[in-house]
Amino acid sequence: MRPTASRITGLETTVFAEMSALAARTGALNLGQGFPDEDGPDVVVEAARQALRAGHNQYAPGPGLPVLREAVAAHQGRHHGLELDPTSQVVVTTGATEGIAAALLALVNPGDEVIVLEPYYDSYVAMIQMAGGVRRPVTLRAPDFRLDAEALRAAVTPRTTMILLNTPHNPTGTVLSRAELQVVADVATTHDLTVVTDEVYEHLVLDPDAEHVPLATLPGMFERTLTLSSVGKSWSLTGWKVGWATGPTDLVAALTTAKQWLTYTSGGPLQPAVAVALTEAYDFPAALRTSLRERRDHLVGGLRDLGVPTHLPQGTYFALSDVSDLGWSDAAAFCDALPERAGVVAIPASAFHDDVEAGRHLVRWAFCKRREVLDEALDKLARADLHA
């Protein structure tokens, strides 16, 4: 084998690809990777068809089509009270994943430390490493998965330059409270840190007692915060990979500088359709939220009835179970055995941890599937021997 760059050393195939391939190979139901099995709003899909026929098939401008940047700015104003200049404070990205990559490449120097909440989305780890940064995890621990303020404060060192935040949080489903976010803001302002906040589940808060509060809305935080989101999760269009970054002009410009050497631009005919999602199908996430709440309750309740302790998430697509009561010392072994035993695929949460013990017994299930798929999965699990 020819030598490879050290920046990718240890970055193996993502666990999502591995487990989805396992589902395809075995014919198992895929409750692993977080994608819905139903499409988003018809009006948005039709807008994409019209854009294709109207000739929107060449390169869009690097920062994104003006119609979408304006729609994003209006969305941030309508939902969060943030006033943005769409020409300089909004950039369209190839999903939030590219936004994460571009932000880290633009803002992290080799040796800089980046605080990240764990369990974490695995692209955070990959891109911190590719940027030459050093991750400093702060663990959200079972059973409640709340932010430990003292652990966050203790994670800061003289080399810390950034906090990479995710709320609503994948995979725990935690929605950080205003008080928890104020701790983040206090740490960031005290130590002059930049914050990149991944808010792709912003509209999928399922607990009526929880509220999504964008960090950029807290006093003193807009000027140091890049906010990332996308159409994928809240409008059930994950395959479109259209996202956006918003924030102060200097941070958006830095992200755009890095982004132009990644994809430069993408999704030309999809961008005007996403603008339709934000302006005409703005009520779709509310209906999706109601449906997801019912499906969450159904899956969590079903797992608990099977003797699998499962945390009730406040938001997102995912629920975490502890399989130690079933005799498993390692959730990865449980997930490897599950397709053959039950015909179901799930994800071991240990893949999202530096603290191996904190995630060793945790399994992530996706409930963003049709009710009949969840019923079938629960039936298969009920008929299987889930014990080690």
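Criteria and thresholds
- Numbering of residues begins from 1 in every chain and follows the order in which that chain's sequence is written.
- Residues qualify for local features only when their pLDDT is at least 70, as the model is predicted, and side-chain atom pairs are given and counted only at 80 or more; totals for whole chains, interfaces and linings, by contrast, use all residues.
- To obtain the side-chain values, all non-hydrogen atoms of the structure were used and water was disregarded.
- UniProt positions are given in the numbering used here, feature names are shortened, and annotations may be inferred rather than shown by experiment.
- Helix and strand definitions follow DSSP, with helices as H or I runs of at least four residues and strands as E runs of at least two, each counted in order from the N terminus.
- It is over C-alpha atoms that the radius of gyration is taken, and the globule rule equals 2.2 Å times the number of residues to the power 0.38.
- We call a residue buried when its accessible area falls under 20% of the maximum for its residue type, exposed when it is over 50%, and partly exposed in between, using a 1.4 Å probe and counting protein chains only.
- The contact rule is simple, with two residues in contact once any of their heavy atoms fall within 4.5 Å.
- Only the protein chains shown count as cover for residues, and the accessible areas themselves come from Shrake-Rupley with a 1.4 Å probe.
- Note that a disulfide, as used here, is simply two cysteine sulfur atoms within 2.5 Å.
- By definition, a salt bridge exists where a carboxyl oxygen of Asp or Glu is found within 4 Å of a side-chain nitrogen of Lys or Arg.
- Strands qualify as paired when DSSP identifies two bridges or more between them.
- Axis lines are fitted to C-alpha atoms, over the contacting stretch for helices. Their N-to-C directions set the angle, which ranges from 0 to 180 degrees.
- Working definition of a nonpolar core: buried Ala, Val, Leu, Ile, Met, Phe, Trp, Tyr and Cys residues. They are joined through side-chain atoms within 4.5 Å.
- Residues are said to line a cavity or pocket when one of their atoms sits within 4 Å of a point; the points come from a 1 Å grid over protein atoms alone, cavities being sets where a 1.4 Å probe fits but cannot get out and pockets being open sets with protein on both sides within 12 Å along at least five of seven lines.
- Grid points are joined across faces, edges and corners, and a volume is the space filled by probe spheres set on the points.
- Distance and chemistry together define a polar contact, namely a pair of N or O atoms within 3.5 Å, with one atom able to donate a hydrogen and the other to accept it when in protein, and with adjacent residues in sequence counting only for side-chain atoms on both sides.

Within an unreviewed UniProt entry, the label attached to the protein chain reads Pyridoxal phosphate-dependent aminotransferase, and the organism entered is Nocardioides malaquae. In its Cofactor (unreviewed entry) section, UniProt records this for the protein chain: "pyridoxal 5'-phosphate".

K.L.:
For this particular structure, what's the right way to read the overall build of the protein chain?
P.N.:
Each helix and strand in the protein chain was counted, giving 13 helices and 12 strands. In terms of overall size, the protein chain behaves like a compact globule, its C-alpha atoms giving a radius of gyration of 20 Å where 388 residues would be expected to give roughly 21 Å. Taken along the three principal axes of its C-alpha coordinates, the protein chain extends 55 × 55 × 55 Å. When burial is assessed residue by residue, the protein chain has 57% of its 388 residues classed as buried. Nonlocal contacts in the protein chain, meaning residues at least 24 apart in sequence, comprise 76% of its contacts between residues at least 6 apart. On the protein chain, roughly 15,900 Å² of surface is accessible, and the fraction owed to carbon and sulfur atoms is 51%.

K.L.:
Any chance you could explain the state of the cysteines here in plain terms?
P.N.:
A covalent bond bridging the sulfur atoms of two cysteines is what the word disulfide describes. Scanning the model with the defined rule gives zero disulfides in all. Free of any disulfide, cysteine 335 has its nearest neighbouring cysteine sulfur in cysteine 368, separated by 16 Å. Looking at cysteine 368, the relative accessible area reads 2%, which means it is buried.

K.L.:
What am I meant to see in the pattern of salt bridges here?
P.N.:
Side-chain pairing between opposite charges can occur once the charged atoms of the two side chains come close. Evaluation of the coordinates by the stated rule reveals 17 salt bridges. Residue arginine 178 is joined to glutamate 211 by a salt bridge in which the shortest nitrogen-to-oxygen separation is 3.8 Å. One end of the pair, arginine 178, is in helix α7 (residues 178-190); the other, glutamate 211, is in the loop between β6 (194-198) and β7 (225-230), with 33 residues separating them in the sequence. Judged by relative accessible area, arginine 178 falls into the partly exposed class, the value being 46%.

K.L.:
How should I be thinking about the sheet that holds β7 in this particular structure?
P.N.:
Taken in spatial order, the seven strands make up an open sheet running β2-β8-β7-β6-β5-β3-β4, and their pairing is mixed. Since the sheet does not close on itself, it has two edges, and those belong to β2 (90-93) and β4 (134-139), each with one partner. The mean angle between the axes of side-by-side strands here comes to 20°, regardless of whether they run parallel or antiparallel. In this sheet, strand β5 (residues 160-166) lies alongside strand β3 (residues 113-118) in parallel orientation, the contact comprising four bridges.

K.L.:
What should I look at first to understand the nonpolar core in this one?
P.N.:
Proteins that are soluble and globular tend to have nonpolar side chains buried together. Grouped together as the largest cluster of nonpolar side chains are 100 residues, with contacts concentrated most on Leu104, Ile163, Leu165, Phe334, Leu338 and Trp365. Leu68, Ala73, Val90 and Trp244 belong to the second-largest nonpolar core, a separate cluster that totals 24 residues.

K.L.:
It is not clear to me how empty space enclosed by the protein should be interpreted in this structure. Could you clarify?
P.N.:
To find leftover empty space, a probe the size of one water molecule is rolled over the atoms. Summed over the entire model, instances satisfying the criterion amount to one cavity of 30 Å³ or more. Of the pockets and cavities examined, the largest cavity occupies roughly 30 Å³. In terms of lining residues, the largest cavity is bounded by Gln76, Leu82, Leu84, Ala216, Phe222, Thr225, Thr227, Thr246 and Gly247.

K.L.:
Before we go on, may I ask you to explain unusual backbone geometry in this structure?
P.N.:
A negative phi angle characterises most non-glycine residues, just as the trans form characterises most peptide bonds. In this structure, proline 168 follows threonine 167 across a cis peptide bond, with omega equal to -10°. Counting through the fold element by element, proline 168 comes out in the loop between β5 and α7. Residues asparagine 170 and proline 171 are joined by a peptide bond in cis, for which omega reads 15°. Unlike most non-glycine residues, serine 236 shows phi in positive territory, near 55°. Relative to the elements of secondary structure, serine 236 occurs in the loop between β7 and β8 (243-246). What makes serine 236 buried here is its relative accessible area of 9%. Phi is positive for tyrosine 264, close to 65°, though the residue is something other than glycine.

K.L.:
What is the right way to read the UniProt feature "domain: Aminotransferase class I/classII large" (unreviewed entry) in the protein chain from this model?
P.N.:
Sites flagged by UniProt as "domain: Aminotransferase class I/classII large" (unreviewed entry) map to residues 29-380. For residues 29-380, the helix share is 39%, the strand share is 15%, and the end-to-end C-alpha distance is 9 Å.

K.L.:
Just checking my understanding: could you explain the sheet that holds strand β12 (residues 362-366) for this structure?
P.N.:
Paired through their backbone hydrogen bonds, the strands of a sheet run either parallel or antiparallel. Strand order in the open sheet formed by three strands is β9-β12-β11, with antiparallel pairing between adjacent strands. With one partner strand each, in any of the chains shown, β9 (318-322) and β11 (347-348) form the two edges of the open sheet. Two elements, β9 and β12, share five bridges in a ladder whose sense is antiparallel. When the bridges of β12 are listed, leucine 320 appears paired with arginine 364. Across the sheet, helix α11 (residues 331-342) lies against β11 and β12, angled at about 45° from β12, the strand it touches most.

K.L.:
Sorry if this is basic, but what is going on with the environment of threonine 225 here?
P.N.:
The residue threonine 225 is located in strand β7 in this model. According to the relative accessible area criterion, threonine 225 is buried, its value standing at 0%. Distance in space between the C-alpha atoms of threonine 225 and leucine 251 is 7.9 Å, their sequence separation being 26 residues. In contact with threonine 225, other than residues within four places in its own chain, are Val195, Thr197, Leu215, Ala216, Thr246, Gly247, Pro248 and Leu251. Within polar-contact distance, the side chain of threonine 225 engages the backbone oxygen of methionine 221 at 2.7 Å.

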